[in-house]
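Descriptive structure summary
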Amino acid sequence: MTASTLVTMNEYLRTSYRPDVEYIDGELREKDGILRERSARVQWIHSRLQVMISAWFDQHEEEWGVLTGVEARTQVSASRVRLPDVVVVKAGPHPQTLVEPPLIVVEVLSPDDTYAEIERRAQDYLHMGLSMSG
């Protein structure tokens, strides 16, 4: 799949992709880093960090009244859907695509992630209503 594939938001939301893709202003985009060929070691480390972070939040779900998800579709604006590595939301029912700001969004960074892409993601989450800390 190329970055120039154009679809409507409704078509994107009705369709399952394997692996899932982000929706950015009408374009289907493989999550940054998956499109580029990462080394097997970087992919493994990224995957392990994603699992460990989500498992830690998962251990506290009942105590904190939250639910944890991995690469959950998160609609950050009318024309963008991101796939954060880990999301934490209030416990309770949620739509297939999150439309309310999660409590926490975690993006596991890799050596080949660019500052520009990280900044775009952060701006999307801020636009959605998340607050930044760190």
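This write-up is about the structure you can find in this document. (Residues numbered from 1 in each chain as written. Predicted model: local features only at pLDDT ≥ 70, side-chain atom pairs only at ≥ 80, totals over all residues. Heavy atoms only, no water.)

Turning to the environment of Ile 104, a few remarks are in order. Along the chain, the position of Ile 104 falls in strand 7 (residues 104-106). Residue Ile 104 is classed as partly exposed on the basis of its relative accessible area of 32%. Expressed as a C-alpha distance, the spacing of Ile 104 and Ser 131, which sit 27 residues apart in the sequence, is 9.0 Å. Aside from chain neighbours lying at most four places away, what touches Ile 104 is Phe 57, Val 86, Val 87 and Val 88. (Helix = DSSP H or I, 4+ residues; strand = E, 2+ residues; numbered from the N terminus. Buried < 20%, exposed > 50% of the residue type's maximum accessible area, 1.4 Å probe, protein only. Contact = heavy atoms within 4.5 Å.)

Across all of its chains, the model carries 13 salt bridges by this definition. In this structure, the salt-bridge partner of Glu 22 is Arg 121, at a minimum N-O distance of 2.9 Å. Taken together, the residues Glu 22 in strand 1 (residues 22-24) and Arg 121 in helix 4 (residues 115-128) connect sequence positions 99 residues apart. Between Arg 29 and Glu 27 there is a salt bridge whose closest N-O contact spans 3.1 Å. (Salt bridge = Lys/Arg side-chain N within 4 Å of Asp/Glu carboxyl O.)

Sheets are built from strands that pair by backbone hydrogen bonding, the pairs being arranged parallel or antiparallel. Spatially, 2-1-5-4 is the arrangement adopted by the four strands of the open sheet, whose pairing is antiparallel. The strands lining the two open edges of the sheet, one partner per strand, are strand 2 (27-29) and strand 4 (74-77). Neighbour-to-neighbour, the strand axes of the sheet open up by a mean angle of 35°, direction not taken into account. Pairing geometry for strand 1 and strand 5 (residues 80-82), over two bridges, is antiparallel. Looking at the pairing, Ile 24 lines up with Arg 80 of strand 5. With respect to the sheet, helix 4 is in contact with strand 1, strand 4 and strand 5, its orientation differing from that of strand 4 by roughly 85°. (Pairing = 2+ DSSP bridges. Axes fitted to C-alpha atoms, helices over the stretch in contact; angles between N-to-C directions.)

Turning next to the packing of aromatic side chains. The way to describe two aromatic rings as a pair is by their centre distance and the angle between their planes. Following the criterion strictly, the structure yields five aromatic pairs and no others. Each ring, one from Trp 56 and one from Phe 57, has its centre 5.1 Å from the other, and the planes form 70°; the classification is edge-to-face. Overall, Phe 57 belongs to the buried group, its relative accessible area being 11%. Here the aromatic cluster, defined as three or more aromatic residues joined through ring pairs, consists of Tyr 12, Tyr 17 and Tyr 23. Geometry around Tyr 12 places Arg 73 over its ring, the cationic atom sitting 4.0 Å from the centre. (Phe/Tyr/Trp six-rings, centres within 6.5 Å; stacked < 30°, edge-to-face > 60°. Lys NZ or Arg CZ within 6 Å of the ring centre and 35° of its normal.)

What follows concerns helix 4. Given 3.6 residues per turn, any residue in an α-helix points the same way as the ones three and four places further on. When the terminal C-alpha atoms of helix 4 are compared, their 20 Å separation across 14 residues agrees well with the 20 Å that a helix rising 1.5 Å per residue should span. Looking at helix 4, one finds that the buried residues are Glu 117, Arg 121, Ala 122, Asp 124, Tyr 125 and Met 128. The buried residues of helix 4 occupy an angular sector of 155° when projected down its axis, which confines them to one face. Exposed side of helix 4, more than 90 degrees from the buried face: Tyr 115 and His 127 are the residues found there. Where helix 4 is buried, its residues contact strand 1, strand 4, strand 5 and strand 7. Once helix 4 finishes, Gly 129 follows within two positions and takes phi at roughly 120°, a positive value. (Expected span 1.5 Å × (residues − 1). Arc of directions from axis to C-beta.)

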